[in-house]
Amino acid sequence: RSYGKKVYYTPGGKREAGESDVQALLRECKEELDVDLLSATKTLGNVEPYGTFQAQAYGKPEGTMVRMTCFRVVPREAEIELESLVQPSEE
């Protein structure tokens, strides 16, 4: 959660010029969380598309929408046991 905010935000941001969605994902996770996804996966093939979602932007005027492309990162085999600890939402 950002300092002084009441809601949680996922890491992310806008793509830089010439950047792909996956490149932006890697950069944003490193910048915002200090997590290097390349060291957590064997190949970029372990970064899988999850979906694109759109919703009303929190704290913005009605009709201001945010659109987010999400990814699933499959961890290295040595960390695969962690998948049992994180379950998808029931929603």
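Please read these numbers as outputs of a predicted model, since none were measured by experiment.

S.K.: Looking at this model, I keep getting lost on the overall build of the chain. Mind explaining?
M.R.: Within the chain, the secondary structure is distributed over two helices and two strands. When the helices and strands of the chain are placed in sequence order, the string is α-α-β-β. Buried positions account for 18% of the 91 residues belonging to the chain. Expressed as a percentage of contacts within the chain between residues at least 6 apart in sequence, the contacts between residues at least 24 apart total 31%.

S.K.: Help me out: how do you make sense of the side chain of Glu28 in this one?
M.R.: Relative to the assigned elements, Glu28 resides in helix H1 (residues 21-33). Excluding residues within four positions of it along the chain, Glu28 makes contact with Gly12, Gly13, Lys14 and Leu33.

S.K.: I tried to follow the nonpolar core on my own but got confused; where do I start?
M.R.: Ranked by size, the top nonpolar core spans five residues in total: Leu25, Leu26, Cys29, Leu37 and Val47. If you tally residues by element for this core, the top one is H1, at three residues. With residues near it in sequence (within four places) discarded, Leu25 still touches Leu37, Val47 and Phe71.

S.K.: Sorry if this is basic, but what is going on with the side chain of Glu19 here?
M.R.: With respect to the secondary-structure elements, Glu19 resides in the segment before H1. Glu19 sits in the buried class, given a relative accessible area of 15%. Within the structure, Glu19 has its side chain in polar contact with the backbone nitrogen of Glu16 (distance 2.8 Å). Here the side chain of Glu19 touches Arg27 through a polar contact of 2.8 Å, side chain to side chain.

S.K.: It is not clear to me how the environment of Leu37 should be interpreted in this structure. Could you clarify?
M.R.: Structurally, the position occupied by Leu37 is in helix H2 (residues 37-40). Leu37 sits twelve residues away from Leu25 along the chain, and the two C-alpha atoms are 8.8 Å apart. Ignoring any residue separated from it by four or fewer positions in sequence, one finds Leu37 in contact with Leu25, Leu26, Cys29 and Val73.

S.K.: When you look at unusual backbone geometry in this model, what are you seeing that I'm missing?
M.R.: Across residues other than glycine, the phi torsion is negative in most instances, and most of the peptide bonds are trans. Although it is not a glycine, Asp34 sits at a positive phi angle of roughly 55°. Tracing the chain through its elements places Asp34 in the loop between H1 and H2.

Basis of the calculations
Think of each chain on its own: its residues are numbered from 1, step by step along the sequence as written. Given that the model is predicted, a residue must reach a pLDDT of at least 70 before its local features are reported, and side-chain atom pairs must reach 80 or more before they are shown or counted; all residues, however, enter totals for whole chains, interfaces and linings. Neither water nor hydrogens contribute to the side-chain values; these are computed over all heavy atoms in the structure. Every helix listed is a DSSP run of H or I at least four residues long, and every strand listed is a run of E at least two residues long, numbered separately from the N terminus. When accessible area is computed with a 1.4 Å probe and restricted to protein chains, residues below 20% of their type maximum are described as buried, those above 50% as exposed, and intermediate ones as partly exposed. Should any heavy atoms of two residues lie within 4.5 Å, those residues are considered in contact. As used here, the term nonpolar core means buried Ala, Val, Leu, Ile, Met, Phe, Trp, Tyr and Cys residues forming a set that is joined through side-chain atoms within 4.5 Å. For the purposes of these results, a polar contact is taken to be a pair of N or O atoms within 3.5 Å, where, inside protein, one atom must be able to donate a hydrogen and its partner to accept one; residues adjacent in sequence count only when each atom of the pair is a side-chain atom.

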